[in-house]
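Architecture and fold: a report
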Amino acid sequence: MAAQRVCIVTGTRAEYGLLKWVMQELKEDPEVDLQIVATGTHLAPSFGETRSEIEGDGFRVDETVEMLLDSDTPVGTAKSIGLGTIGVAEALRRLAPDVVLLLGDRFEVLAAAQAALVAKIPVAHVHGGETTEGAVDESIRHAVTKMASVHFVAAAPFRRRVVQLGEHPSRVFNVGAPGLDALRRVDLMDRPTLEASLGAELRPPTFLITYHPATLQDTPPEESVQELLRALSRFPEAQLLFTKSNADSGGRAINRRIEQYAEQEGDRARVYESLGQRRYLSALRYVDLVVGNSSSGLIEAPAVPVPTVNVGTRQRGRPRAGSVLDCPERAPAIAAAIRTSLSEEFQGRLPNVTSPYGDGNAAPRICRHLKTLEISGPAKTFYDLPDYDLPETRAPSPRASTEETPKE
């Protein structure tokens, strides 16, 4: 019997970090032929060209798809999606996989899902059913859910939501968040090794900061990040470790502003294209606080645990552990949340924090289902929920209630 060909399409450092241990399980399985397509920021020098990280971990990249334009405007992003769809379609034609495995909600994932759908190749989707109300990723995630045949979700509420979207319960599996697998498996650096790798002393307090565009809000991203930087200036004693923003619309503007700020702040602020999974997770062990609006502050950080100040609306809708503090994108509110998170009272709660995203064994569960399921193509029936009464919604009258009804 021929090995099952599982193709993983990855477009960012963060998504690869979440998929890495799934990829390792598949690579080591003699009944699976792992295929990898690298695209997006993996091929962009301005974002760290992290294809080398994939290959450095011992994986073979079978295909590369250039899709990023030198623009992160909405028009530029839409054109990048088009280029990605064309490139992934050609890659899938050459690779002829049995199933395409995708994670998350970014535009690179949308491009790959579209290509697989039209090619009638089944899609397995990880991290569906979640809500991030402050980003266009919300709609992309749900769209990919409808293009996928199998779903691996990170928590019970997400499974219910995917079923609510019309997916059959027999195809929706709560496996937990694969990002937590890394905390169990990665050989993390000790403090001296990490400091040497970062080129920075991790003197307390040290903040680890990642800030991405909230693509559905009207405020320009450079204005929003400026509020965060103003708040950080209120803690001149803090060591600041910034990881750069992603390739979403507005990401480059955020990165420019962060770089300008770091130049002004001198040695206390460092900016990194990408820390990579091992350095990032190692840093979580030794920093005093995670700040920004990345999903890692809600998923990985509480599992360490380290406090998170979650800024703005980008992650609105995701479950929170007790170590997460939410605040609006205003400097006084951000500064107040930072002070609270560093307080003795808040720190005392951390030993009792539990993650709502599983136990760190998502990868073997995903691989087992991929091997044992008979995964069909995009043709599927819509699963209807049991009948229940919806509140009646009536269209407003075309006339104001004070108008006199004309007589015939």
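How each quantity is defined
- Residues numbered from 1 in each chain as written.
- Predicted model: local features only at pLDDT ≥ 70, side-chain atom pairs only at ≥ 80, totals over all residues.
- Heavy atoms only, no water.
- Disulfide = S-S within 2.5 Å.
- Pairing = 2+ DSSP bridges.
- Helix = DSSP H or I, 4+ residues; strand = E, 2+ residues; numbered from the N terminus.
- Axes fitted to C-alpha atoms, helices over the stretch in contact; angles between N-to-C directions.
- Contact = heavy atoms within 4.5 Å.
- Buried < 20%, exposed > 50% of the residue type's maximum accessible area, 1.4 Å probe, protein only.
- Salt bridge = Lys/Arg side-chain N within 4 Å of Asp/Glu carboxyl O.

We now examine the state of the cysteines. Taken as a whole and judged by the stated rule, the model has 0 disulfides. Counting only cysteine sulfurs, Cys367 is the nearest neighbor of Cys7, a cysteine outside any disulfide, at a range of 15 Å.

The next subject is the sheet that holds strand E4 (residues 99-103). Pairing is parallel across the open sheet formed by 7 strands, whose spatial order is E3-E2-E1-E4-E5-E6-E7. The sheet is open, and its two borders are formed by strand E3 (63-65) and strand E7 (172-174), each paired with just one other strand. Across this sheet, the average inter-strand angle for adjacent strands is 20°, counted without regard to direction. For strand E1 (residues 4-10) and E4, the ladder comprises 3 bridges, and the chain directions are parallel. Its bridge partner lying in E4, Ile8 is registered against Leu101. Most of the contacts of helix H4 (residues 107-118) go to E4, to which it runs at about 160°, and overall it touches E1, strand E2 (32-39), E4 and strand E5 (123-126).

Another point: the sheet that holds strand E10 (residues 269-272). Judged by pairing direction, the sheet is parallel, and its 6 strands sit side by side in the order E10-E9-E8-E11-E12-E13 without closing on themselves. Each having just a single partner strand, E10 and strand E13 (324-327) make up the two edges of the open sheet. Taken over all neighbouring pairs, the strand axes of this sheet differ in orientation by 20° on average, direction set aside. Strand direction decides the pairing type here: strand E9 (residues 239-243) and E10, joined by 4 bridges, are parallel. Across the sheet, the residue bridging to Thr243 is Tyr272, located in E10.

With 8 of 11 residues buried, helix H5 (residues 137-147) lies mostly within the body of the structure. Among all positions in H5, only Asp137, Glu138, Ile140, Arg141, His142, Val144, Thr145 and Met147 are buried. Taken together, the buried residues of H5 touch H4, E5, strand E6 (150-153) and helix H6 (156-164).

Below, the discussion takes up the pairing of E6. Here E6 shows no split at all, with Val150 and Phe152 on one side and His151 and Val153 on the other all buried. For E5 and E6, the ladder comprises 3 bridges, and the chain directions are parallel. The partner of His125 across the bridge, within E6, is His151. Sheet topology note: the E6/E7 ladder contains 3 bridges and is parallel. By the bridge assignment, Phe152 is partnered in E7 with Phe173.

So, about the pattern of salt bridges. For the structure on display, the rule yields 21 salt bridges. One salt bridge connects Arg5 with Asp98, and the closest N-O pair in it is separated by 3.5 Å. Linking Arg5 in strand E1 with Asp98 in the loop between helix H3 (74-95) and E4, this pair joins segments that are 93 residues apart in sequence. Residue classification places Arg5 among the partly exposed residues on the basis of a relative accessible area of 28%. Given the relative accessible area of 31%, Asp98 is considered partly exposed.

Turning our eyes to something else, we now look at the environment of Leu240. Its place among the elements puts Leu240 in strand E9. In this structure Leu240 comes out as buried when scored by relative accessible area, which is 0%. As for Leu240 and Val6, which are separated by 234 residues in sequence, their C-alpha atoms are 40 Å apart. Here Leu240 is in contact with Phe207, Ile209, Leu232, Tyr261, Arg268, Ala269 and Arg270, once residues within four sequence places are set aside.

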